[in-house]
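Coordinate inspection notes
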There are 2 protein chains.
Amino acid sequence: MSIQARRERERAERERAIVAAARELAESEGWDAVTTRRLAAEIEYSQPVLYSHFKGKDAIMAAVAVEGFVDLAADLAAARTAAIDERQAVADVAAAYAAFAERRPALYDAMFTLTVYLPFASQDVPVDVARAFAELAETLRPVAGGDDLETYTETFWSGLHGLVTLMRSGRLRRADHDRRLALLVDRFAR
Amino acid sequence: MSIQARRERERAERERAIVAAARELAESEGWDAVTTRRLAAEIEYSQPVLYSHFKGKDAIMAAVAVEGFVDLAADLAAARTAAIDERQAVADVAAAYAAFAERRPALYDAMFTLTVYLPFASQDVPVDVARAFAELAETLRPVAGGDDLETYTETFWSGLHGLVTLMRSGRLRRADHDRRLALLVDRFAR
DNA sequence: CCGCAATCCTAGCATCGCTAGCGAATCTGC
DNA sequence: GCAGATTCGCTAGCGATGCTAGGATTGCGG
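For clarity, every value in this text was computed on a predicted model and none was experimentally measured.

What counts, and at which threshold
- Per chain, residue numbering runs from 1 following the sequence as it is written.
- Note on labels: chains are lettered from A, ligands numbered from 1, in written order.
- Residue-level local features of this predicted model are given only where pLDDT is at least 70; pairs of side-chain atoms are given and counted only at 80 or more, and the full residue set underlies all totals for whole chains, interfaces and linings.
- Heavy atoms from the whole structure form the basis of all side-chain values; hydrogens and water molecules are not counted.
- UniProt positions are given in the numbering used here, feature names are shortened, and annotations may be inferred rather than shown by experiment.
- Think of it this way: any DSSP run of H or I at least four residues long counts as a helix, any run of E at least two long counts as a strand, and we number them from the N terminus.
- Copies are brought into register by a least-squares superposition over C-alpha atoms of residues with pLDDT of at least 70 in both.
- Residues are treated as being in contact if the distance between any of their heavy atoms lies within 4.5 Å.
- We call Phe, Tyr and Trp rings a pair once their centres come within 6.5 Å, taking the six-membered ring for Trp, and we label the pair stacked below 30 degrees between planes, edge-to-face above 60, and tilted otherwise.
- Note on exposure labels: buried denotes an accessible area under 20% of the residue type's maximum, exposed denotes more than 50%, and partly exposed covers the range between, all computed with a 1.4 Å probe on protein chains only.
- Only Lys NZ and Arg CZ are tested; either one counts as a charge over a ring when it is within 6 Å of the ring centre and within 35 degrees of the ring normal.
- Definition used for salt bridges: Asp or Glu carboxyl oxygen within 4 Å of a side-chain nitrogen of Lys or Arg.
- Buried area is understood as the total, over both parts, of accessible area removed when two parts are fitted together, assessed with a 1.4 Å probe.
- Gly is placed with the polar residues, together with every amino acid not listed as nonpolar (Ala, Val, Leu, Ile, Met, Phe, Trp, Tyr, Cys and Pro) or charged (Asp, Glu, Lys and Arg).

Under the local residue numbering, the UniProt record ascribes the feature "DNA-binding region" (unreviewed entry) to residues 35-54 of chain A. Counting secondary structure, residues 35-54 of chain A comes out at 65% helix and 0% strand; the distance between its end C-alpha atoms is 14 Å.

Bringing the relation of the copies chain A and chain B into the picture now. Aligned on chain B, chain A shows an RMSD of 0.1 Å; the corresponding rotation is 180° and the shift along the axis is 0.0 Å. Overall, the copies show the geometry of a two-fold rotation axis. Comparing interface residues between copies, 97% of those in chain A also lie at the interface in chain B; the contact surface is shared.

All right, on to the packing of aromatic side chains then. Taken as a whole and assessed by the stated rule, the structure comprises 14 aromatic pairs over all chains. With 4.7 Å between their ring centres and 45° between their planes, Tyr-108 of chain A and Phe-112 of chain A make a pair best called tilted. Linking Tyr-108 of chain A with Phe-112 of chain A, this pair stays in helix H6 (residues 105-114), spanning four residues, or about one helical turn. Residues Phe-133 of chain B and Trp-157 of chain B carry aromatic rings whose centres are separated by 5.8 Å and whose planes lie at 65° to one another, so their mutual orientation is edge-to-face. Taken together, the residues span a long stretch of sequence, with Phe-133 of chain B in helix H7 (residues 127-140) and Trp-157 of chain B in helix H8 (residues 149-168) at a distance of 24 residues. A relative accessible area of 6% means that Trp-157 of chain B is categorised as buried. Members of the aromatic cluster, joined through ring pairs, are Phe-69, Tyr-97, Tyr-108, Phe-112, Phe-133 and Trp-157 of chain A. Its guanidinium or amino end placed over the ring of Tyr-45 of chain A, Arg-14 of chain A lies 4.7 Å from that ring's centre, counting from NZ or CZ.

Residue and element names in this part refer to chain A. Per the counting criterion, the structure on display carries 36 salt bridges over all chains. Two residues, Arg-80 and Glu-135, come together in a salt bridge whose shortest N-O distance is 2.5 Å. One end of the pair, Arg-80, is in helix H4 (residues 57-82); the other, Glu-135, is in helix H7 (residues 127-140), and 55 residues separate them in sequence. Residue Asp-176 is joined to Arg-173 by a salt bridge in which the shortest nitrogen-to-oxygen separation is 2.9 Å.

Further remarks concern unusual backbone geometry. Residue and element names in this part refer to chain A. Phi is positive for Glu-44, which is not a glycine, with a value near 60°. Structurally, the position occupied by Glu-44 is in the loop between helix H2 (36-43) and helix H3 (49-53). Taking the relative accessible area as the measure of exposure, Glu-44 reaches 72% and is therefore exposed.

Contacts between the two partners involve 36 residues from chain A, matched on the other side by 35 residues from chain B. Of the roughly 3300 Å² buried between chain A and chain B, counting both surfaces, carbon and sulfur atoms make up 57%. Taken as a group, Arg-171, Leu-183 and Arg-187 of chain A account for 22% of the area that chain A buries against chain B, more than any other trio of residues on that side. Where chain A meets chain B, there are eight salt bridges. Glu-154 of chain B serves as the salt-bridge partner of Arg-180 of chain A, at 2.9 Å between the closest nitrogen and oxygen. For the side of chain A that touches chain B, the secondary structure elements donating two or more residues are H6, helix H8 (149-168) and helix H9 (177-188) of chain A. Here the side of chain A that touches chain B gets 13 residues from one element, more than from any other, and that element is H8 of chain A. Its residues assigned to classes, the side of chain A that touches chain B comprises 15 nonpolar, eleven polar and ten charged.

Here's what the structure looks like:
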């Protein structure tokens, strides 16, 4: 019994190692560098063991993405609670969101651009994903006015997401980023 | 001399055929189905001829993307000029933008998500790309108020882009799309 | 102590983007 | 008009990818 427990423990540890290796590799060298062979070498196991933990490479990326939502939610929560007033909270949370995307581009890509099949708008949203969204919603609640909070949050979120993705892909000049961010916040925080 | 002209004409024709095949294949079966071998078979030439026209697959996708901007600019222009008043124009153009992304998902991906190295925020922006952006800017000019028009346009554009990308990747429920769009327009059109 | 089941590795498949190098067709200079 | 040079498009293949089949080795249960 105990030996079986150790087995399961080691197996769980290895699974965490896979996700950690994928995340670190992606953040340091980009997702193109994250191959199953490279990942296997990193955890010092052979390639097929990856498939005993995850259905495929996409599933590994999805696991990395979920971890990303934990970090994002934490960043947003910190920005929100530290803000002086409700209006400033919107600006600070927006800045924190943009900073997260800027600081962890590979992670952000996994969360929003690359991984498609993460359940989002359904009943079984991963709890960490929901928490990040809830953090945004709480920030916007005081300024949403008569509009439906969920719709309001989703729309504001879209604005943030559009800003960071278009900028990161070179569609928007980085120099004007702060002005765009301020403009977006101004539109939604009054 | 004339025979050389025919050569160049045929070559240009073949190049157009490559881009057209890539676009049609992407729109009917998705970009995953667009492989260089499949493309070569479609134009009834061998694989390497593709590389005498384009530097690589990315360059072909970029060419498709540029074509997409022509269509998008046309859609936006039509929506703008047909609108009753300036405020309605913003709503109509936004709807046209979202409809374009919805109707041509593969094309939209090529324009914004997949192709990275299309020059955008620099001096040599492709003219068709600039036209699409200008169409948006003209629509927003009457409602931009004291804000810088370019910043205003970029921010609104980001909102639209965020809405369509998050929805298409399953992050937003499709049912509430119209409400989000109306909310975004409301924030920017008054 | 032995059969069986789980675990993990070696080897390989199909496919991808891309390129080297050859053969034929075409143009150029005498 | 003809030999040499050049362009053109092809066949074949390279390295790398995600993923899988099948065998070997390990360790548990009777």
